[in-house]
Number of protein chains: 2
Amino acid sequence: MKGSAAVRITAADTDWRDYSGRELPPVLAAALVCFVDQGYHGTTIREVAGRAGLSVPGIYHHYPSKHALLEGIAQQAMADLFRRSVAALEDAGTEVEERFRLLIECLVLFHAHRSEHAFIAASEIRSLRDEARAAHIAARDRQQGLLTDVVNDGVAAGVFTTPFPAESARAVITMCTGVAQWYRAAGELTPEELAARYVVIARAAMGS
Amino acid sequence: MKGSAAVRITAADTDWRDYSGRELPPVLAAALVCFVDQGYHGTTIREVAGRAGLSVPGIYHHYPSKHALLEGIAQQAMADLFRRSVAALEDAGTEVEERFRLLIECLVLFHAHRSEHAFIAASEIRSLRDEARAAHIAARDRQQGLLTDVVNDGVAAGVFTTPFPAESARAVITMCTGVAQWYRAAGELTPEELAARYVVIARAAMGS
């Protein structure tokens, strides 16, 4: 136990299973609520300001446009998920099945605990423009690459028998990100219970 | 071959693999393009009219509100998918593994061929109000019930060994619907090739 705790601390001080902290800075949190309720295009800066308890110039002081708010939400989501994923992989060590298990656990925990955040990041991406869109796609590819690498390592090691590593990795990623679309905290399973079941299902999908 | 064709015709005259036909009536097709580009809340009836080549009163003649357009798109998507799914199950006959295979094939074909339609139906549901929202959720539950029933039958028959039938069914549904989020016709695989691979992956996920 001591060793495991020590590993977590060296993993960039990230306890990747801990969701007790604040999700977003207050202005972005207010914007997220508005975007979930009304969509990005249906939200005005005035509404975000009202919800954040700030003036419109007060919002513009931090974020020069509504687009910057969406960009901020998407960036925070991808950065948080990536940081947690890297920490999970560090926790797992070098054994490929354990790396797969902890990465799936991490993906499901994130998309259950942060379902609204992840839902907006996924459904409003089409509203991101230019560099913000390119940066988001690069972050998503980097994130997907973590699982793809583990799957490819598992296939190379003969641990996974799937004949379609690329599609299997994609299928498992979307089944985990899909949790954000339907998971409700009031449901039957806690995020932790759901994650444990998804680990079993995802391993089976790989032919493990 | 003759027998199989005959079955398809009795299956409500639906060739569930055929996507050569028109997806939506012209007004709904115009609304879909606008919603994909700008989101539901960011679209005006005037823009839909402009794209459809109609006047604003011309749109209102068919659809009394923007909400009715979204409702129409969601209804068409769910009705089309359900009709195809029932036809696929009739094609499959009584054998549970074949029922599972054809239903997965049907889900993937739909979400690849109709990705924009399915994407809007999934991401803008929160914008549906009252009875329209309840009707959509009921249609989605009915659709999900088809796969859940097949999975439960497979578990009862000992064909599927998953210890978590409910979560496995949900995971496989979201991995298939997730195709609408990333599939592009210009990609490496045709919808048919992708569907064949997803059948293999989904069966593995069930412990088949």
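Calculation criteria
Residues numbered from 1 in each chain as written. Chains lettered and ligands numbered in written order. Predicted model: local features only at pLDDT ≥ 70, side-chain atom pairs only at ≥ 80, totals over all residues. Heavy atoms only, no water. Helix = DSSP H or I, 4+ residues; strand = E, 2+ residues; numbered from the N terminus. Rg over C-alpha atoms; globule rule 2.2 N^0.38 Å. Buried < 20%, exposed > 50% of the residue type's maximum accessible area, 1.4 Å probe, protein only. Contact = heavy atoms within 4.5 Å. Areas by Shrake-Rupley, 256 points an atom, 1.4 Å probe, with all protein chains shown as cover. Lys, Arg positive; Asp, Glu negative; His and termini not counted. Charge placed at Lys NZ, Arg CZ, Asp CG, Glu CD. UniProt positions renumbered as here; feature names shortened; annotations may be inferred. Least-squares fit on C-alpha atoms with pLDDT ≥ 70 in both. Phe/Tyr/Trp six-rings, centres within 6.5 Å; stacked < 30°, edge-to-face > 60°. Lys NZ or Arg CZ within 6 Å of the ring centre and 35° of its normal. Core = buried A, V, L, I, M, F, W, Y, C linked by side-chain atoms within 4.5 Å. Buried area = accessible area lost by both parts, 1.4 Å probe. Salt bridge = Lys/Arg side-chain N within 4 Å of Asp/Glu carboxyl O.

- Labelled according to an unreviewed UniProt entry, chain A appears under the name TetR/AcrR family transcriptional regulator, originating from Arthrobacter gengyunqii.

## Some remarks on the overall build of chain A
Move 1: Helix and strand counts for chain A come out as eleven helices and zero strands.
Move 2: Tracing chain A from N to C terminus, the helices and strands come up as α-α-α-α-α-α-α-α-α-α-α.
Move 3: Taken against the 2.2 N^0.38 rule, which gives 17 Å for 208 residues, the C-alpha radius of gyration of chain A at 18 Å falls within 12% of a compact globule.
Move 4: Looking at chain A as a whole, 50% of its 208 residues are labelled buried.
Move 5: Look at the contacts in chain A between residues 6 or more apart in sequence, and 71% of them connect residues 24 or more apart.
Move 6: As presented, chain A carries roughly 9300 Å² of accessible surface, and 54% of it is formed by carbon and sulfur atoms.
Move 7: Charge centroids of chain A, computed over 21 positive and 25 negative side chains, lie 4 Å from each other.

## Remarks on the UniProt feature "domain: HTH tetR-type" (unreviewed entry) in chain A
Move 1: Within this numbering scheme, the UniProt entry marks residues 21-81 of chain A as carrying the feature "domain: HTH tetR-type" (unreviewed entry).
Move 2: Secondary structure across residues 21-81 of chain A comprises 72% helix and 0% strand; the distance between its end C-alpha atoms is 14 Å.

## Side note on the relation of the copies chain A and chain B
Move 1: Taken as rigid bodies, chain A and chain B are interconverted by a rotation of 180° and an axial shift of 0.0 Å, the fit giving an RMSD of 0.0 Å. The superposition operator between the copies reduces to a two-fold rotation axis. Identified as the residue of chain A closest to the rotation axis by C-alpha distance is A205 of chain A, at 1.9 Å.
Move 2: Both copies present the same face, since 100% of the interface residues in chain A are matched by interface residues at the equivalent positions in chain B.

## Examining the packing of aromatic side chains
Each aromatic ring pair is described using two quantities: the centre-to-centre distance and the angle formed by the ring planes.
Move 1: For the structure on display, the rule yields six aromatic pairs over all chains.
Move 2: Consider the rings of W182 of chain A and Y183 of chain A, whose centres lie 6.1 Å apart with planes at 65°: the pair is edge-to-face.
Move 3: A residue is classified by how much of its surface remains accessible, and W182 of chain A, at 21% relative accessible area, is partly exposed.
Move 4: On the basis of relative accessible area, Y183 of chain A is assigned to the buried category, the value being 5%.
Move 5: Here F35 of chain B and Y40 of chain B contribute two aromatic rings whose centre-to-centre distance is 5.3 Å and whose plane-to-plane angle is 75°, an arrangement assigned as edge-to-face. Residue F35 of chain B shares its accessibility class with Y40 of chain B, and that shared class is buried.
Move 6: Above the face of the Y19 of chain B ring, R84 of chain B is positioned so that its terminal group lies 3.6 Å from the ring centre.
Move 7: The ring of W182 of chain A is capped by R170 of chain B, whose NZ or CZ atom sits 3.9 Å from the centre of that ring.

## Notes on the nonpolar core
Across soluble globular proteins, you tend to see nonpolar side chains buried next to one another.
Move 1: Formed by 90 residues in total, the largest nonpolar core has its most connected members in F100, I104 and Y198 of chain A together with F100, I104 and Y198 of chain B.
Move 2: Filtering out sequence-adjacent residues up to four positions away, I104 of chain B remains in contact with L147, V172, C176, Y198, V199 and A202 of chain B.
Move 3: Ranked by size, the runner-up nonpolar core spans 26 residues in total, among them V48, Y63, L69 and A132 of chain A.

## Here we look at the interface of chain A and chain B
Move 1: Counting residues at the interface gives 31 residues for chain A, matched by 31 residues for chain B.
Move 2: Buried area between chain A and chain B, summed over both chains or domains, comes out near 2700 Å², and the portion from carbon and sulfur atoms is 64%.
Move 3: It is R126, E167 and I201 of chain A in chain A that bury the most area against chain B; as a group they hold 22% of the surface buried on that side.
Move 4: At the surface where chain A touches chain B, the tally comes to four salt bridges.
Move 5: A salt bridge links R197 of chain B to E167 of chain A; the nearest nitrogen and oxygen atoms lie 3.2 Å apart.
Move 6: Every element with two or more residues in the side of chain A that touches chain B is listed here: α2 (26-38), α7 (115-123), α9 (165-177), α10 (179-182) and α11 (191-205) of chain A.
Move 7: Per element, the largest residue contribution to the side of chain A that touches chain B is seven residues, and it comes from α11 of chain A.

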